[in-house]
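# Survey of secondary and tertiary structure
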Amino acid sequence: MTELIKKLMKTGSVSGREARISEVIRKEIEPYADEVYTDNLGNLYAHKKGNGKKLMLAAHMDEIGFFVTNIKESGLVEVAPVGGINYVSAAYSYVVFENGVRGVIVPEGGVSGNDLKNGEKYYIDIGASSRKQTEKKISIGDFAVCESSFTRLYGRRYAGRPFDDRIGCAVLVKCLENLKACENDVYFVFTVQEEVGCRGSLPASFNVRPDVAIAVDVTATGDVPGAKSMAVKLGGGAAIKIRDNSVICDFELVEELKSLAKEKNIKHQLEYLPFGGTDTGSMQRSARGAVAGAVSIPTRYVHSAVEMIDMADVDACVKLLGEYIKKPI
Ligand code: CO
Ligand code: ZN
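In this report, we go over the structure that sits alongside the text. On a predicted model such as this, the values are computed, not experimentally measured, just so you know.

Successive residues of a regular strand alternate their side chains across the two faces of the sheet. With five of seven residues buried, strand S14 (residues 238-244) lies mostly within the body of the structure. The sheet contact formed by S14 and strand S16 (residues 268-272) spans five bridges and is parallel. Bridged to isoleucine 240 within S16 is leucine 270. Sheet analysis places S14 next to strand S15 (residues 247-248), joined by two bridges and oriented antiparallel.

Okay, structure coming up:
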């Protein structure tokens, strides 16, 4: 599993530019799916045919990043965020452009730290000393992401990026790989443009028209300095979402996931996320509407360069989803 996660994290793909990560995931799912296809927006589908109800599982392929808005006389690259960039946690991180050019992200306020806040001007310094030099490598509209990393820490805990949401993609790949023939008609969907407002999962739901839709994404934890009050903690097991700002999960689905986890002895916790949203919200409200919920992977420091996960939680998510998928809806 760690090899798969590592592989999926290595390919940077900002929202709207998911073609490269899509190719990587396609290779992983093709041996296990009955059919694999994409739609006009770039969502990637793996269909495992069944005669029962339609179940759609979604994890997003895109990640937050930056796009180039201007190039300064000094050679600095002015950037704007793609998705929920927190510049405080992004500042002084390594970034890499799609063409492989590397740089570091720096705030206009300088290294003193006092002026770091969202909405200020941020630049990527690629080490050039003039606009002319920079323009040889970078153009307006180019995209960059924080450099990928994957570092083992204490026990089975890893830091790096982008766990949001390659870890969800890895969980879906694993569930597909583990799935034997089942009654449910199951669609594993790797969605695009989640980070800019859950845009890909909307048409994907219209395509699939699921009876039940479950998003698999990271969730924040309450066990870090400065966290909003929430019960989810790293190592606490698969997080069964109850609600976030985009969705109130289906009550019966939540109850079913809870009792399934209890019955199968899978470590789990309940997630009430006081902010943010996931593909759950858009899937619930698309097409004819779906019974919707989410199984989340607890992640510390989401959207930073040092997101942190516990592999025991990841295993718990794979197990819980695996049990749910194979049970006739
Ligand atoms: Co995110
Ligand atoms: Zn996410």
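Turning to helix H1 (residues 2-10), a few remarks are in order. Residues spaced three or four apart along an α-helix point in a common direction, a consequence of the helix completing one turn every 3.6 residues. Along H1, the residues classified as buried are Leu4, Ile5, Leu8 and Met9. All buried residues of H1 lie within an arc of 130° about the axis, which places them on one face of the element. Facing away from the buried side of H1, by more than 90 degrees, are the exposed residues Glu3 and Lys10. Turning to H1, the residues buried within the fold contact helix H2 (19-29), strand S10 (149-152), strand S11 (157-161), helix H5 (163-178) and helix H9 (311-326).

On to unusual backbone geometry, then. With an omega of -5°, the peptide bond between arginine 161 and proline 162 qualifies as cis. Within the fold, proline 162 resides in the loop between S11 and H5. The peptide bond linking aspartate 164 to aspartate 165 adopts the cis configuration, its omega dihedral lying at 0°. Residue placement: aspartate 165 occurs in helix H5. Even without glycine at this site, glutamine 193 takes up a positive phi of about 55°. Take glutamine 193: it is sitting in the loop between strand S12 (185-191) and helix H6 (201-208).

Here the focus is the coordination of the zinc ion (ligand 2). Protein coordination at the zinc ion (ligand 2): the donors are His60 (NE2), Asp164 (OD), Asp217 (OD) and Asp217 (OD), at 2.0 to 2.6 Å from the metal. Its four donor atoms give the zinc ion (ligand 2) angles of 52 to 147° at the centre, a pattern that matches the irregular case.

Definitions and cut-offs
Residues numbered from 1 in each chain as written. Chains lettered and ligands numbered in written order. Predicted model: local features only at pLDDT ≥ 70, side-chain atom pairs only at ≥ 80, totals over all residues. Heavy atoms only, no water. Buried < 20%, exposed > 50% of the residue type's maximum accessible area, 1.4 Å probe, protein only. Helix = DSSP H or I, 4+ residues; strand = E, 2+ residues; numbered from the N terminus. Pairing = 2+ DSSP bridges. Arc of directions from axis to C-beta. Contact = heavy atoms within 4.5 Å. Donors = N, O, S within 2.8 Å, 3.2 Å for Na, K, Ca; no water. Tetrahedral: all angles 85-135°; square planar, octahedral: opposite > 155°, others 65-115°.

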